[in-house]
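Working through the structure, step by step
Chain by chain, the residues run as shown.
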Amino acid sequence: TVVRFNSTTSWVSFNFDFGSSGPNSVTFRAKDPNYGANIILRLDSPNGQEIGRVYPSGGGVWNTASNGLYPRPTGVRTIYIMTSSPNVEINWLKFQ
């Protein structure tokens, strides 16, 4: 499944159980039609605390990109994912 963010106000959310220690980082496979988009992760609401940003390569091709998370999310949390530019696509993510 591919998620396309049509605007900078678009978001998708997922519930995760991160356990007691939480992940250090996140990796996305994403496609940015331009250059300079950020994938933004927030806790518990679209306006919640930002815990990370990932910077995919542009040019309209699928790439993987990762970055650290701070603070580490722990326990059962809702993660909101949004982008700083429209038309970014994501087809998977992985917390490590």
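Higher on the page you've got the structure.
Residues numbered from 1 in each chain as written. Predicted model: local features only at pLDDT ≥ 70, side-chain atom pairs only at ≥ 80, totals over all residues. Heavy atoms only, no water.

1. Topic: the sheet that holds strand β2 (residues 11–17)
The condition is simple: Here, a strand pair is defined by DSSP locating no fewer than two bridges between the strands. Strands here mean DSSP runs of E at least two residues long; helices mean DSSP runs of H or I at least four residues long; both are numbered from the N terminus. Under this scheme, a helix contributes an axis fitted over its contacting stretch, all axes are lines through C-alpha atoms, and angles between N-to-C directions fall in the 0 to 180 degree range.
Here four strands make up an open sheet; going across it, the order is β2-β7-β4-β5 and the pairing antiparallel. Strands at the two margins of the open sheet, each flanked by one partner only, are β2 and β5 (50–54). Taken pair by pair, the neighbouring strands of this sheet meet at an average axis angle of 25 degrees, ignoring direction. Of the strand pairs in this sheet, strand β4 (residues 39–43) and strand β7 (residues 76–83) are connected by five bridges, and their pairing is antiparallel. Bridging across to β7, L41 finds its partner in I81.

2. Points about the nonpolar core
Selection rule: In these notes, a set of buried Ala, Val, Leu, Ile, Met, Phe, Trp, Tyr and Cys residues joined through side-chain atoms within 4.5 Å is what counts as a nonpolar core. Only protein chains enter the accessibility calculation, which uses a 1.4 Å probe; a residue whose area is less than 20% of its type maximum is buried, one above 50% is exposed, and one in between is partly exposed. Contacts are assigned to residue pairs that have any heavy atoms within 4.5 Å of one another.
Formed by 16 residues in total, the largest nonpolar core has its most connected members in V26, F28, I39, L41, I79, I81 and I90. Setting aside residues up to four positions removed in sequence, F28 forms contacts with I39, L41, V54, N63, T64, A65, I81, I90, W92 and L93.

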